[in-house]
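Structure assessment
What follows is the residue order along each chain.
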Amino acid sequence: MLEIKNLHVAVEDKPILKGIDLVVNAGELHAIMGPNGSGKSTLAHVIAGQKIYEVLDGEILYNGKNLLEMDPEERALEGVFMSYQYPAVIPGVNLAYFMKAAVNAIRKHRGEPEMDAVDFLSFIKEKLAQVKMDESYLKRAVNDGFSGGEKKRNEILQMLALDPSLAVLDETDSGLDIDAVKIVADGVNKFRREDRAVVVITHYQRILQYMDPDKIHVLMDGRMIRSGGKNLAHELEEKGYSWLEEAVAA
Amino acid sequence: MKHLEKQFSILSPVDHEPHSLQELRQGAFNRFKEIGFPRQSWEVYRFTNTTVVEKNAFRLSTGADLPELGDVGKDSLSLPTLLFVNGHYQPNLSTVPAGLTLNTLLDSYNEDAKLVTNGYDAGANPFAILNTAMMNSGLHIHFSEEFDSASAVRFLYVTTKLSEPIMNHPRLVVDVAENTRPIFIEEYRGNGSVSYWNNALTIMRAGNNSHLHHLRIQNEAPSASHLSATFYQVPADGNIHASYISLGSALHRHDVNVVLSGKGADVTLNGLCLSKDAQHMDHNIIMDHSSEHVTSRMLFKYILADKSTGVFNGRAVVRQDAQKIDADQTNNNLLLSDNALMNSNPQLEIYADDVRCTHGSTTGQISEDALFYLRSRGLDVLSAKALLINGFANEVVDEINNEEAKDYARELLESWLNGVTGG
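The text that follows walks through the structure, step by step, so that each part is easy to find. Please read these numbers as outputs of a predicted model, since none were measured by experiment.

What follows deals with the environment of E395 of chain B. Residue and element names in this part refer to chain B. Position of E395 among the secondary structure elements: in helix α7 (residues 381-397). Between the alpha carbons of E395 and N270 there is a distance of 9.0 Å; along the sequence they are 125 residues apart. Of note is the side chain of E395, whose polar atom sits 2.8 Å from the side chain of K301.

The next subject is the environment of A161 of chain A. Residues and elements named next belong to chain A. Here A161 shows up in helix α5 (residues 148-162). Taking the relative accessible area as the measure of exposure, A161 reaches 6% and is therefore buried. Between the C-alpha atoms of A161 and G34, which are 127 residues apart in sequence, the distance is 29 Å. Those residues in contact with A161 that lie beyond four places of it in its chain are M99, V103, F123, I124 and K127.

Attention now moves to the pairing of strand β4 (residues 54-62) of chain A. Residues in a regular strand point their side chains to alternate faces of the sheet. All names here are of chain A. Judged from the seven bridges that link them, strand β1 (residues 2-11) and β4 form a sheet pairing that is antiparallel. Residue pairing across strands places V9 opposite V55, the latter belonging to β4. One ladder, built from two bridges, connects β4 with strand β5 (residues 65-66); its direction is antiparallel. The residue bridging L61 from the neighbouring strand is N66, located in β5.

This brings us to the pattern of salt bridges. The final tally for this structure, using the stated rule, is 42 salt bridges over all chains. For E3 of chain A, the salt bridge goes to K5 of chain A, with nearest N and O atoms at 3.7 Å. For K5 of chain A, a relative accessible area of 32% corresponds to the partly exposed category. In this structure, R46 of chain B and E43 of chain B form a salt bridge, with 3.8 Å as the shortest nitrogen-oxygen distance. Several salt bridges converge on common partners, so that one network encompasses D75, R154, E187 and R189 of chain B.

The next subject is the side chain of N333 of chain B. All names here are of chain B. Examined against the element boundaries, N333 turns out to sit in strand β19 (residues 325-335). A distance of 3.0 Å separates a polar atom in the side chain of N333 from a polar atom in the side chain of N331. Ignoring sequence-local partners within four residues, the contact set of N333 consists of Y302, L304, M342, S344, S361, T362, T363, G364 and F392.

Moving on: the sheet that holds β5 of chain A. All names here are of chain A. With antiparallel pairing, four strands are arranged side by side in an open sheet as β2-β1-β4-β5. Both outer strands of the open sheet, β2 (14-24) and β5, are each paired with one neighbouring strand and no more. The strands touched by helix α1 (residues 40-48) are β1, β2 and β4; relative to β1, the strand with the most contacts, the crossing angle is about 110°.

The subject of this paragraph is the sheet that holds strand β15 (residues 266-275) of chain B. All names here are of chain B. Across the sheet, ten strands lie side by side as β3-β2-β6-β9-β11-β13-β15-β17-β19-β21; this open sheet has mixed pairing. Edge positions in the open sheet fall to β3 (88-89) and β21 (355-365), since each of these has one partner strand only. In this sheet, β15 lies alongside strand β13 (residues 239-246) in parallel orientation, the contact comprising eight bridges. Its bridge partner being in β15, I245 is matched across the sheet by L272.

Moving on, we get to the side chain of R75 of chain A. All names here are of chain A. Tracing the backbone shows R75 in helix α2 (residues 72-77). For the buried R75, no salt bridge exists, and the shortest N-O distance to an oppositely charged side chain is 7.1 Å, to D71. Polar contacts involving the side chain of R75 include one to the main-chain carbonyl oxygen of I47, which spans 3.0 Å. Non-local contacts of R75, meaning those with residues more than four positions away in its chain, are made with V46, I47, A48, G49, K51, L67, L68, M70 and V80.

The rules behind these values
Residues numbered from 1 in each chain as written. Chains lettered and ligands numbered in written order. Predicted model: local features only at pLDDT ≥ 70, side-chain atom pairs only at ≥ 80, totals over all residues. Heavy atoms only, no water. Helix = DSSP H or I, 4+ residues; strand = E, 2+ residues; numbered from the N terminus. Polar contact = N/O pair within 3.5 Å; in protein donor to acceptor, adjacent residues only side chain to side chain. Buried < 20%, exposed > 50% of the residue type's maximum accessible area, 1.4 Å probe, protein only. Contact = heavy atoms within 4.5 Å. Pairing = 2+ DSSP bridges. Salt bridge = Lys/Arg side-chain N within 4 Å of Asp/Glu carboxyl O. Axes fitted to C-alpha atoms, helices over the stretch in contact; angles between N-to-C directions. Lys, Arg positive; Asp, Glu negative; His and termini not counted.

Shown next as structure tokens:
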């Protein structure tokens, strides 16, 4: 589903990603781990289509299509979703209005009939319940005055409602207490399906305890320095990133 | 000035007006000549150029300017409406709801000369003074206790089908009885390419414990100049909640003067300005807290496209004995173009010591982060921009407390947005 080949990316002429290769198949959940500043968030933003990142070399294929040639909205319509570490605040626009516009944009793109207000309400109420948000959020401005945990649950809500094929979760667990981490992980587990893929980007191994990753990759200084199974996460938890740093340098 | 003098001389021998009223007019006109048209060297006109009304030879509207009415003023609003066309009241096309009494200003003047100003002092505002000299479609209205609580009435001033540039100096004096809660809508609308000048003055006196909701929509023709002043006198426990939606005319200037004169008085002024092309919109507001224990809020939002310009001058004054004041003043502006320009000047003038006053002003462009966020959820650029602009404007529109009028304001916003975003 997602194929990244030799990806080199710079921000303001500073190289951040220095040759990334990654293949994520439908049905899989991959975790990308790494210390701060390793390039994890850059990778997520490049997949979502953030233009401040300059792709110097390499390519990203999504279902065989060149993702880098698509506008951010095209990527979303084609089924790429990103959960942001710092979601933007949209003052004055309530969550219901925003979500209805987004859900209907995607339905329209798929040739499905747009939902009216009544259908949408029952649809979104079911999704809200899955991430333990009550209906009062629908009337609140998107992310305006939301706590860190509320913002992250709101991201997962959007993932569940927009029904993407590929979800990239950027540090969705950071700053959350253990109950919120479980809610987020539970949302991801409900989302997983044969025809969907998930990439979880995280600094900590903690959230992975509640998930079942197929592969774990370690990103450091813009390179994937190791890939492995679930055990790699435990090893990192015990020994820290410096262990791998030394192992690579050796 | 010569041109105005001629216009005044045509107007002044108004046979049926009492001598004292003619003197009032003459005195005001003399005063106007002393002061003259505003100059940009004046602090309150620093960013606003009014030479368009000085140089153009507008003549006073006469009965001959009344066009075939047809469907003039017809629209989707079913609210009781009083219609004025090119400065002339159209009683046959108007609905006066129960509990609203309506008199010509002349009749009210004959009954009580003070009613024509109703406590308002135009100070050194040249256009308000000129309105006193030239006022031509004056009305005095009274919301009595029989007026249906929380129901609305609209005064619709339409300028249309002109063959020459005209001017009008409408004056509306509004009294609100104690304990009443009217919704009063004042709307200016125009079309056509012939330029015209509306110099409107609205004087409102709220009764004790009355709640007046005032919605003011300025949707004049693009060729128009709309200069206006609004005065609110708010006594004990009086409540004014005003929403101004301004999107018409080439030149818009609105002087607002609020006096909170009794304990428990509470005033909210909200404004939304939508400007494009080379439009210029200016609000000059004085919120005068002259009693203790009063509260006020000002929230003005400007959305400026193309090379349009805006001015916000807000001044909260707290008098020496006016303790326990709570006053907020906010001006937020959204620039949709690199060529748009906003001048914002919120000011506090505080002579009491036990008060809470805030003021703040922001001017910025559409947030790139917010835009990207919406696009990455599948919205195209135009829809995403429209959603963000709507969100910015909603804070003002949402507070209009009549559903029909709120929908109407939303429609105006939507169609304006379609015009500027090309959507």
